[in-house]
Every structure is written in structure tokens, then in C-alpha cells.
Amino acid sequence: KNRYDVVVGFSGGKDSTYLLYKLKKEYPHLRILAATIDMSFVSKTAFENVRTIIDKLNMDHVYIKINNGFYKKFFKYLFENRKPGGYKAVSYMSSEMTEEKKGFCDYCHCFNDGLLIKYAHDNQIPLVVTGLSPGQPLYMFYELQKEDVLKYAVPEFIKNEPFDKSDRDYFLNETKLNDAYFPKVIFPYHVIDYNGDKFRQELVEAGLIDDYKKTSPAKTNCSLNFMMTFIDYMIDEYFMMLPYAARLIRRGEIHKKEWATRFTILEAMLKNSRFMLRHTRIPLVKKVKELEKILDISVEDIVEKHKHQAGKLNF
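Residues numbered from 1 in each chain as written. Predicted model: local features only at pLDDT ≥ 70, side-chain atom pairs only at ≥ 80, totals over all residues. Heavy atoms only, no water.

Participant: Just to check I follow, could you spell out the overall build of the chain for this structure?
Facilitator: Along the chain, the regular secondary structure elements total 16 helices and five strands. Computed over the C-alpha atoms, the radius of gyration of the chain is 19 Å, within 12% of the 20 Å expected from 2.2 N^0.38 for a compact globule of 315 residues. Dimensions of the chain, computed from C-alpha atoms along their principal axes, come out at roughly 60 × 45 × 30 Å. Counted over contacts in the chain with a minimum sequence separation of 6, partners at least 24 positions apart contribute 80%. Looking at the chain as shown, the accessible area adds up to about 15300 Å², and 51% of this sits on carbon and sulfur atoms. (Helix = DSSP H or I, 4+ residues; strand = E, 2+ residues; numbered from the N terminus. Rg over C-alpha atoms; globule rule 2.2 N^0.38 Å. Contact = heavy atoms within 4.5 Å. Areas by Shrake-Rupley, 256 points an atom, 1.4 Å probe, with all protein chains shown as cover.)

Here's what the structure looks like:
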């Protein structure tokens, strides 16, 4: 009835790029609006992909940009309130949608999905589609049920300080949930064949990207990821991405050789994390130092505050 049939979350990574490509190819009459959440910590490569791919697909697109100060407050809170098991452990391995089990990435992508849902509602778009992979998150399957929306998209801590009413207004509420225009929300990769390496190859063959590496997670991931991994390793001396990646390799969803090489290098760096923190010329360490200034936090202080959690993997 209105301008668009569906809004698709588009980050510039391989999953959301492939999703847009397949939707346009297989459903040519579907009126698609691609939407990118600008949360201020998206990689330069991901933003370049967004601009290039939208032009090549000849598709309508919108950036959803909210107050940068909110994201700084939000991420600072998540860093300073680490849960046992680390920022990543609960996100990647939990099969329950509870406040205790949610991790840093859960809170972030659930909030961003909430912004997409809110945008769709306000613009009377009946369908929201996101490119979350089968394990993102484990506790969700294909369709976000209406009764679970608030539990999914609105964290309990947002009711408390340091957050105020202006911050809470970004989140969904009961009023919108009961509105006739509330959209359906689905995660297609939970039910269709998923293979990240094949996706990237097909995107190259379709001419949407000219370099296979441009849609590698190492290039398109959020810049907060390494900082999370850095702190987790300094506390637990454990690289939480290993069991998650191993599961994807066994399923044939990612390529073992590429990721084994990448993780070998990264784990070697993590094992020398305290030494590395004193050498700010290393690009990844330089990024950590930049984020410390932006968010007004200290890696050393966070590690000291949460060192009692060491080894308590919560999944």
C-alpha cells in the first residue's frame, strides 16, 4: 500500500550484501529499501561497500543516524559492566534470550534491529529483514515473535542511570508494539543454506565487489570487536572466537585455511597483549587507544575491575 514492501538492514558486510543481491534477483517486484545504521564505529571498508553496492544494485537506501553521544554512553556502559565469560562468550554461545546471557554484541545488534523495526513501523513498511547468520543469535529462529520484541530489543539496564528519558526514547515501547502497522521481522539465514565463502565468491562473480577481501569480516567488522577480544583475553587468557569459528568450519560455512591463519596471528598478538599496549604504533593497538579516548575508558582499569571473573565462562 505504501512506498516500500521491506526494509533490509545493510551493514556493507558479505551477509547483508548477499541478502540484498538475492532479494533483488529472485523477487524483482519487491520494493526494497536498504537501511544502514550509522553507529559511529563501522569500518571504513564497510562504508565504502555500502556506497558502491547500493549504486551497483540501483537501490533506494537510507542511513539511520542517531545522536552519537548515545552510542558512546551505551558502549561505555557495556565495556564497564562486563559479565563473567566475557563480552563475546555469552553472545556467541548462549541459547537463551535472558539479560544474564546477553553479551555486548547481542545488546548492540538487538538495539540496531530495534531501530530498523521502529523505522519500518513509523513509515508503515510491513516487513523487516536482517542478515544475521544462523548463529546470531542461537536463541532466535527465523521470525521474531511479536511477544518477544521488547525482550529482544530493549535491555533492562536502559531503565537505570546513566541513561535518561531521551536515551529511552530511541527504544521500542508497548504502544508501538500494539499498533496495527507493526512489521513482521525475519532472519532468512536461519532457514536457507548459509556459506559465507560462497556468498563472497558469488558477489565477486556478479560484479558487486571487485576484491574478495573487501567483504571479509576482518575488514568489515565493527571496530569495537578487537577491543572486546583484547580485554577478554587479558582476563580469561582464552580466545572465545575459536569454538564459534570451529563450529562454522565443521558446518562448511567458513573456510578453515583462511580463518586458521587469521586466528593464529591474532592469538599470538593477544598472548602478548600487555606488552602490545605499550607500543601504540601497532595499528590494532592504535585503534584500541583511540577508542579509549572516544569512550573515556581504560583497558587497564576494566581488566583490573573484572579480573575476579577470570575463567568463569558463562555459557
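Read on for the rest.
Participant: Quick question: what am I supposed to make of the pattern of salt bridges here?
Facilitator: A side chain of one charge can pair with a side chain of the opposite charge when the charged atoms of the two come close. Scanning all chains against the criterion turns up 17 salt bridges. A salt bridge links Asp15 to Lys14; the nearest nitrogen and oxygen atoms lie 3.5 Å apart. Taking the relative accessible area as the measure of exposure, Asp15 reaches 12% and is therefore buried. Across the pair Lys73 and Asp167 runs a salt bridge, and its minimum N-O distance is 2.8 Å. Of this pair, Lys73 sits in helix H3 (residues 68-80) while Asp167 sits in helix H7 (residues 165-168), and the two are 94 residues apart along the sequence. Accessibility expressed as a relative area gives 25% for Lys73, which makes it partly exposed. When salt bridges with common partners are traced through the structure, they connect Lys22, Glu26 and Glu202 into a single cluster. (Salt bridge = Lys/Arg side-chain N within 4 Å of Asp/Glu carboxyl O. Buried < 20%, exposed > 50% of the residue type's maximum accessible area, 1.4 Å probe, protein only.)

Participant: Looking at this structure, I do not really get the sheet that holds strand S3 (residues 60-65). What am I missing?
Facilitator: Either a parallel or an antiparallel arrangement is found when strands of a sheet pair, and the pairing is made through backbone hydrogen bonds. Read from one edge of the open sheet, five strands run S3-S2-S1-S4-S5, paired in parallel fashion. Of all strands in the sheet, those bounded by a partner on one side alone are S3 and strand S5 (184-186). Going across the sheet, the axis of each strand differs from the next one's by a mean of 25°, ignoring polarity. Across three bridges, strand S1 (residues 6-9) lies against strand S4 (residues 127-129) in parallel orientation. (Pairing = 2+ DSSP bridges. Axes fitted to C-alpha atoms, helices over the stretch in contact; angles between N-to-C directions.)

Participant: Looking at this structure, how should I read helix H1 (residues 14-26)?
Facilitator: In an α-helix, one full turn covers 3.6 residues, which means residues spaced three or four apart are oriented alike. In this model H1 runs 18 Å from its N-terminal to its C-terminal C-alpha over 13 residues, within 8% of the 18 Å that 1.5 Å per residue would give. All of the buried residues along H1 are Lys14, Asp15, Ser16, Thr17, Tyr18, Leu19, Leu20, Tyr21 and Leu23. (Expected span 1.5 Å × (residues − 1).)

Participant: Please explain the nonpolar core as it appears in this structure.
Facilitator: Within soluble globular proteins, side chains that are nonpolar tend to cluster in buried spots. One finds Phe74, Phe75, Phe79, Tyr152, Leu224, Ile231 and Val299 to be the most contacted residues of the largest nonpolar core, which totals 74 residues. The element that contributes the greatest number of residues to this core is helix H5 (residues 104-122), accounting for ten residues. Residues in contact with Val299, not counting those within four places in the same chain, are Met227, Phe230, Ile231, Met234, Leu277, Val288 and Glu292. With 23 residues, the next largest nonpolar core counts Phe10, Tyr18, Tyr189 and Phe199 among its residues. (Core = buried A, V, L, I, M, F, W, Y, C linked by side-chain atoms within 4.5 Å.)

Participant: Where do I start with the packing of H1 against helix H2 (residues 44-57) in this structure?
Facilitator: When two helices pack together, you describe them by how their axes are tilted relative to each other and by the distance separating the axes. Closest axis-to-axis distance for the H1/H2 pair is 11 Å, and the angle between their directions is 5°. Considered as vectors, H1 and H2 are oriented roughly parallel to each other. Every residue of H2 that contacts H1 at Thr17, Leu20, Tyr21 and Lys24 is listed here: Ile53, Ile54 and Leu57. (Parallel < 35°, antiparallel > 145°, perpendicular 65-115°, else oblique.)

Participant: Whenever I open this one, the side chain of His306 confuses me. Can you help?
Facilitator: Along the polypeptide, His306 turns up in helix H16 (residues 299-306). Here His306 is in contact with Phe79, Glu80, Asn81, Arg82 and Ile235, once residues within four sequence places are set aside.

Participant: In this structure, what is going on with the layout of surface pockets? I would like to understand it.
Facilitator: Rolled over the atoms, a probe as big as a water molecule pinpoints where empty space is left. Empty space within the second largest pocket amounts to approximately 350 Å³. If you go around the second largest pocket, you meet 18 residues; those closest to its centre are Leu19, Leu23, Tyr27, Pro188 and Ile192. Counting residues per element, the ones that place at least two in the lining of the second largest pocket are H1 and S4. Among the elements that line the lining of the second largest pocket, the one with the most residues is H1, at five residues. (1 Å grid on protein atoms, 1.4 Å probe; cavity = no way out; pocket = protein on both sides within 12 Å on 5 of 7 lines; lining within 4 Å. Points joined across faces, edges and corners; volume = space filled by probe spheres on them.)

Participant: Would you mind going over the packing of aromatic side chains with me for this structure?
Facilitator: Aromatic ring pairs are defined here through the distance separating the ring centres and the angle between the ring planes. Enumeration over the complete set of coordinates arrives at 28 aromatic pairs. Measuring from centroid to centroid gives 5.7 Å for Phe157 and Phe163, while their planes differ by 35°, and the two rings are tilted. The same class applies to Phe157 as to Phe163, namely buried. (Phe/Tyr/Trp six-rings, centres within 6.5 Å; stacked < 30°, edge-to-face > 60°.)

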